[in-house]
Amino acid sequence: MMDFEEALAVTQERLRGEADSLGALLKGLRTLIPAALIGEREWEDLLASARELPATMAAFPFGFELPLNERRPRADLGVSVVGGTDAASFFAQRARSENADSSAAGIALLLSETDSEKSLLREVVGRKMMLEYDIGSAAGGSRRDPGIFLRPAERPIVGDGAAQRLRDVGVVVDTVVAAAGWTPDAAERRQVERVHLAQKADTRIESIGVFPSRGRAIRLAVTGFRTSRAIMAFLERAGWPGRHPFVAATVSRFEERGGFVELGLHLDVHADGLGPTLGLSCLAKERVAKDPRHWLDRPDLWTAFIDGLREEGLAVPEKLSALANWTTAPTTLFGRLGPFVLLRGIHHIKLVLAGDRIEQVKGYPFMALLGTPSS
């Protein structure tokens, strides 16, 4: 059996021979993407953006952000960049080019910060970052810098009260702010620290990120919540200013259905406090860091939650049906240089709550291609 480094080398070599860009690679996977989720025109828009990225990005999970409550079948694109890979070299070279944009410089900064094994940032987040490209959601087809997210996977930022966790929060926040090209703001950082201190030991900061092309905010994802009571207590401690009774009623309905294993909260943090909009994400299975099975999924895990969305009329029925059929067992695909194993699943489904209404419902399906021995 190949170890991770050997498997990654094989996968990248196969992907280089398969396509000259991520867009070209995705074009060959069109039959796997239901038109109900991404329409033909929207697919072409997505391919146009993906053609600017290397095909080897498919060696790590990538996926789509799908607005399930909208009729229009549009999508945004999410990818991973890991230090020491082809994708990392691609962004480093782009940052050095004459036509380098601000996003390439920010991504290259993060990669350089985690190059050293002695890096404080690397001790917390490892060498991986996630990028989110606004494509279907970009106004008038305009190109935006991608959102940049870091996940504290190496040293999880749990709510155990340890002083080291607070220092880790500061390291990650300061780095993503620099990557966005923003001026550091001590008040903003204190607000992020306040959210962290509101955690209990059974929750963790899943990711810390920024959207350089949007209004300034630090986007935090806090996960590990098992009950509506735990969520409401956390929001109270964190000082979230939105409509608490509506959140409690919404979570309770899905809790009664048994639609989730774990819930996450997505918060916008500003220098003067938390934004009033709240993201509520459903995870249908355990997330185990550094375990390859983390990415294996089964359709039945999502049945209760998707049925709940359908019963409440919160999403387009055709999109829900297509999403319910997205997850499959690992499948073998035969490429030009050898076989791949295709992984497909749903990372999470998110409700966006604003005031007394559910403003958006978003699905986050993913894919990954893994090169396997030709024999």
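Higher on the page you've got the structure.
Being a predicted model, the structure only gives us computed values, none of them experimental. (Residues numbered from 1 in each chain as written. Predicted model: local features only at pLDDT ≥ 70, side-chain atom pairs only at ≥ 80, totals over all residues. Heavy atoms only, no water.)

K.L.:
Explain the side chain of Lys-319 to me, please; I cannot follow it from the model alone.
P.N.:
Turning to its location among the elements, Lys-319 is positioned in helix H12 (residues 317–324). The charged side chain of Lys-319 is buried without a salt bridge, its nearest counter-charge being Glu-70 at 5.9 Å. Apart from the residues lying within four places of it in its own chain, the contact partners of Lys-319 are Ala-36, Leu-37, Pro-67, Leu-68, Glu-70, Arg-71, Arg-72 and Pro-73. (Helix = DSSP H or I, 4+ residues; strand = E, 2+ residues; numbered from the N terminus. Buried < 20%, exposed > 50% of the residue type's maximum accessible area, 1.4 Å probe, protein only. Lys, Arg positive; Asp, Glu negative; His and termini not counted. Salt bridge = Lys/Arg side-chain N within 4 Å of Asp/Glu carboxyl O. Contact = heavy atoms within 4.5 Å.)

K.L.:
Looking at this structure, how should I read the pairing of strand E7 (residues 218–225)?
P.N.:
Both faces of the sheet carry side chains from a regular strand, because those side chains alternate between them. Here E7 lies mainly inside the structure; 8 of its 8 residues are buried. Bridging between strand E6 (residues 204–210) and E7 involves 5 bridges; their strand directions are antiparallel. By the bridge assignment for E7, Ile-205 is matched with Val-222. Strand direction decides the pairing type here: E7 and strand E8 (residues 262–270), joined by 7 bridges, are antiparallel. The residue of E8 that forms the bridge with Val-222 is Leu-265. (Pairing = 2+ DSSP bridges.)

K.L.:
Honestly, the environment of Leu-353 in this entry has me stumped. Any pointers?
P.N.:
Along the chain, Leu-353 falls in strand E11 (residues 339–354). Residue class for Leu-353 comes out buried when judged on its relative accessible area of 1%. Along the chain, Leu-353 and Pro-34 lie 319 residues apart, while their C-alpha atoms are 27 Å from each other. Once residues lying within four places of it in the same chain are set aside, the contact partners of Leu-353 are Phe-246, Val-247, Thr-250, Pro-276, Thr-277, Leu-278, Leu-280 and Ile-358.

K.L.:
Looking at this model, I keep getting lost on empty space enclosed by the protein. Mind explaining?
P.N.:
A probe as big as a water molecule, rolled over the atoms, marks out the empty space that is left. Throughout the structure, instances matching the rule amount to 2 cavities of 30 Å³ or more. Lining the largest cavity are Thr-250, Val-251, Phe-254, Phe-260, Leu-263, Leu-280, Ser-281, Cys-282, Phe-305 and Leu-351. If you list the elements that add at least two residues to the lining of the largest cavity, you get helix H10 (244–257) and strand E9 (273–283). In this structure, the second largest cavity occupies an estimated 40 Å³ of space. Taken together, Leu-110, Leu-111, Thr-114, Gly-126, Arg-127, Lys-128, Met-129 and Leu-150 make up the full set of residues lining the second largest cavity. A class-by-class count of the residues in the lining of the second largest cavity yields 4 nonpolar, 2 polar and 2 charged. (1 Å grid on protein atoms, 1.4 Å probe; cavity = no way out; pocket = protein on both sides within 12 Å on 5 of 7 lines; lining within 4 Å. Points joined across faces, edges and corners; volume = space filled by probe spheres on them. Nonpolar A, V, L, I, M, F, W, Y, C, P; charged D, E, K, R; others polar.)

K.L.:
Teacher, can you tell me more about the nonpolar core here?
P.N.:
Taken as a class, soluble globular proteins show a tendency for nonpolar side chains to be buried jointly. One finds Leu-22, Phe-64, Ile-231, Phe-234, Leu-235 and Ile-349 to be the most contacted residues of the largest nonpolar core, which totals 103 residues. What Ile-349 contacts, discounting residues up to four positions off in sequence, is Leu-68, Leu-280, Ser-281, Cys-282, Trp-302, Phe-305, Ile-306, Leu-309, Leu-323, Val-361 and Lys-362. (Core = buried A, V, L, I, M, F, W, Y, C linked by side-chain atoms within 4.5 Å.)

K.L.:
What is the right way to read the packing of aromatic side chains from this model?
P.N.:
Under the criterion given, the structure shown has 5 aromatic pairs. With a centroid separation of 5.3 Å and 75 degrees between ring planes, the pair formed by Phe-149 and Phe-211 is classed as edge-to-face. Linking Phe-149 in strand E4 (residues 147–150) with Phe-211 in the loop between E6 and E7, this pair joins segments that are 62 residues apart in sequence. Side by side, Phe-149 and Phe-211 carry an identical accessibility label, which is buried. Between Phe-225 and Phe-234 the ring centres are 5.3 Å apart and the planes differ by 55 degrees, which places this aromatic pair in the tilted class. (Phe/Tyr/Trp six-rings, centres within 6.5 Å; stacked < 30°, edge-to-face > 60°.)

K.L.:
Would you take a moment to explain helix H11 (residues 303–311) for this structure?
P.N.:
Helical periodicity: at 3.6 residues per turn, an α-helix aligns residues three or four positions apart in one direction. Among all positions of H11, only Phe-305, Ile-306, Gly-308 and Leu-309 are buried. Summarising the axial view, the buried residues of H11 lie within an arc of 155 degrees, below the 170-degree limit, and thus occupy one face. Where H11 is buried, its residues contact H10, E9, H12, E11 and strand E12 (357–371). (Arc of directions from axis to C-beta.)

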